[in-house]
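# Examination of the molecular architecture
Now for the letters of each chain:
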Amino acid sequence: MIAVSIILPALAGLLIFFLKKDRFDFIRRFLLLAISALHLVFCAFSWFFLPEAQLTGWLVLDPLGLLFLTISSLIFFAVAIYAVGYFHSLKGLQGFMKIPEAAFTCCLLLTLSSMTLMCSSQHLGIFWISLEASTLVSAPLIYFRRSNRSLEAAWKYLMICSIGIALALLGNFFLAVAASPPGGEPFSLVVGELVKGAHSLNTIWLRAGFLFIVVGYGTKMGLVPLHTWLPDAHSEAPCAVSALLSGALLNGAFLGILRVYQVCIAADQGAFCDSLLRGFGLFSIAIAAVFILSQKDFKRMLAYSSVEHMGILALGVGMGGAATFGAMLHAVNHSLVKAMLFLLAGNVLDFYHTKKISEVTGMLRTQPATGALWVAGLFAISGFPPFGTFLSEFVVLKGAFDGGFLLEGVALLAFLSLIFIGMVSAFLPMSQGKKIVPEEGRHSYWKPSFWSIAPPLVLCCLALLIGCFLPPALQQLLHAAARSLGGS
Amino acid sequence: MNDPWIQTLLVLLILTDLVMLGSSRVGKCIRVIAAQGVLLAALILALNINSLNGHVLLLAFASLFVKTFLFPWILVRAIRRADVDQAVDPLIGFGPSLLIGALLMPLSLWLGTRLPLPDALASSLIVPVALYTMLIGLFLLVSRKKAITQVLSYLLLENGITIFGVALLVKVPLLVELGTLLDLLGAVFVMGIALFNINQTFEHIDSSKLSFLKE
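Residues numbered from 1 in each chain as written. Chains lettered and ligands numbered in written order. Predicted model: local features only at pLDDT ≥ 70, side-chain atom pairs only at ≥ 80, totals over all residues. Heavy atoms only, no water.

### Some words on the environment of Leu50 of chain A
All names here are of chain A. We count it as follows: The helix count covers DSSP runs of H or I at least four residues long, the strand count covers runs of E at least two residues long, and both are numbered beginning at the N terminus. A simple rule labels every residue: compare its accessible area, found with a 1.4 Å probe on the protein chains alone, to the largest value its type can have, and call it buried under 20%, exposed over 50%, or partly exposed in between. Should any heavy atoms of two residues lie within 4.5 Å, those residues are counted as being in contact.
Relative to the assigned elements, Leu50 resides in the loop between α2 (25-48) and α3 (63-90). Of the residues examined, Leu50 reaches a relative accessible area of 54% and is grouped as exposed. For the pair Leu50 and Leu413, spaced 363 residues apart in sequence, the C-alpha separation works out to 39 Å. The contacts of Leu50, once residues within four sequence positions are left out, are Leu61 and Leu66.

What follows is the structure in structure tokens.
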């Protein structure tokens, strides 16, 4: 089952790559929707019947992997629906060749395939391969608009993330040295077996390995100071791609850190790893707060907000206890809300043709559905009740104070308030205020449609649902995931 | 176990790193990367000379094929199609670069003594040479302007990591090694396409002028 869910999207993607002609439009879009829906069904199915292990235990869906896979699959489905509407709306544009659409859909599906491999792989080497592959197949997505700026963003993404992931490879080699028994017998890099034999690991190499893994995968995850590619890539990519990068791929890189973290806590190196994660996490939140307060571009603002939330995830896991559970819950909430906001940003961008915050006003009047959801998204992302983000941020904060991390807790509260001020003062004027009529002809081709409103609406409802009522199945899965990370 | 052949290969790797530091032509840098591919394949064989099997042979051959033939071919083709100028355009001149290269050597030797391999897996020079090649790669990455030289520096960094990896070679499954190589190939392929597009769009591949996006 796992193998099928990895191979099928890849095959469909490759097939689509060769269907470049206009008359295949329908087939391409149908395949994209069908595969992403099937994938979501597979994920839902796995909640009840865990699929069997494959490749001698290299591919297993444990609670942690299943959690991240479900988030990715859900976000991908929303993005696929949105993308179909996006392709449709581009049809009227002059000079837009049809060739990129086939390549774009192909890369989307290959990204889904690599994400599935990432979430289900227990072997550290296979995980590395899938993460690098996901970078390579998502880089062309950023360049979809064929502009100078998007090319620059794609180049930065490709170079910086490749270098980061290369350093993570060195980290993996260090782990291999840590695990190699003195006699030279074979050993395995499967997380479960490393955890079992954790006490015979060489601690110096293990620590060095974890450090390189955090730096390497942290680059892809967007932890400060390794985040420099992130605002560029997220602001220049088409909004559907930004949603996918932010909602799914950042989490994937975090999963890589967590896999090695599992080994480290089993080897009693938890204190070292926790302090590293707390440091990176808090620093990310602080720097993101500074850039959010002075931001003039709404897509970049959302990108920095992703840096902030990745910081919260790292901080939460680094504090342990209840905060680990909070971090897992926050990963779900952040993905839902951020994907929703990026998709809405796509609607705003297509209507106003500007990313400047100051040039967008009166959204509630010009496009009521997007405007209303935008305001809801603002409250959701800044952690207001009754949204799920409130619940998860609250649990992280409670974990901080219960666990004796007073300084971290107070700093987190302070930065969250600063970020809230920054986001409200930017987003509220965009939705309220005078109705600006965009210049004649500039917005003629964009109308709200089912494709562009339904995905963010559903994501918003899910975020609301988690805030009001946490489904028992999800709660169990989150607890199981948190327990595997030494939390509760 | 300080086999003279292994020592020779490692010293040759250091020398190619230095050649890379002092090269002023892009074409020459590509030849250096190709030469390192040969040295790496030879290193794989030399380290496992007593236990040659299909795994080792396949990996040495795949590494040779990808690093010595495919990479230079993709990169040379990208340069030709994009009509790239051959000059390297250093931010830090060649003289100072070589000086820094000389200073990095004792640093990596010192770091090598701090991180001893638990059992003497192979030559005591392996860790220092791997670190040295990585450090040179990182240094070139920040001190050369063009996008193509960034790709070459990335490959040098990757070679350094591979030197470290071949010491562990027999212990890592073949599938993982091949997957890693395939990813690297994909990276160079995508970067090659990007290089072409950068040159078409900006009419140069000077990455220091890629500066629309900054705070």
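### Observations concerning the layout of surface pockets
One simple way to see leftover space: roll a probe sized like a water molecule over the atoms. What counts here: The pocket and cavity definitions rest on a 1 Å grid over protein atoms only: a 1.4 Å probe that fits but cannot leave marks a cavity, an open set with protein on both sides within 12 Å along at least five of seven lines marks a pocket, and residues lining either have an atom within 4 Å of a point. Grid points are joined across faces, edges and corners, and a volume is the space filled by probe spheres set on the points. By the convention adopted, Pro, Cys, Tyr, Trp, Phe, Met, Ile, Leu, Val and Ala count as nonpolar, Lys, Arg, Asp and Glu as charged, and the other residues, Gly among them, as polar.
Taken as a whole, the largest pocket spans an internal volume of roughly 1600 Å³. Every residue lining the largest pocket is counted, 48 residues in all, and those nearest its centre are Cys107, Leu110, Leu136 and Val137 of chain A together with Val190 of chain B. Breaking the lining of the largest pocket down by element, the ones donating at least two residues are α1 (2-17), α4 (99-120), α5 (124-142) and α6 (148-179) of chain A together with α7 (174-202) of chain B. A per-element tally of the lining of the largest pocket places α7 of chain B first, with twelve residues. Tallied by class, the residues present in the lining of the largest pocket amount to 39 nonpolar, six polar and three charged. Here the second largest pocket is characterised by a volume of approximately 560 Å³. Looking at the lining of the second largest pocket, the elements that each hand over two or more residues are α6 and α8 (203-221) of chain A together with α5 (126-143) of chain B. The residue makeup of the lining of the second largest pocket, split by class, is eleven nonpolar, seven polar and three charged.

### Some details on unusual backbone geometry
Look at the link from Val224 of chain A to Pro225 of chain A: it is a cis peptide, with omega at 5 degrees. Looking at the element boundaries, Pro225 of chain A is found in the loop between α8 and α9 (229-236). Put simply, Pro385 of chain A and Pro386 of chain A share a cis peptide bond, and its omega is 5 degrees. Following the sequence through the fold, Pro386 of chain A ends up in the loop between α15 (368-381) and α16 (388-402). A positive phi is found at His353 of chain A, a non-glycine position, where the angle reads about 55 degrees. One can find His353 of chain A in the loop between α13 (322-352) and α14 (363-366). Although it is not a glycine, Asp89 of chain B sits at a positive phi angle of roughly 55 degrees. Among the structural elements, Asp89 of chain B can be located in the loop between α3 (54-82) and α4 (94-114).

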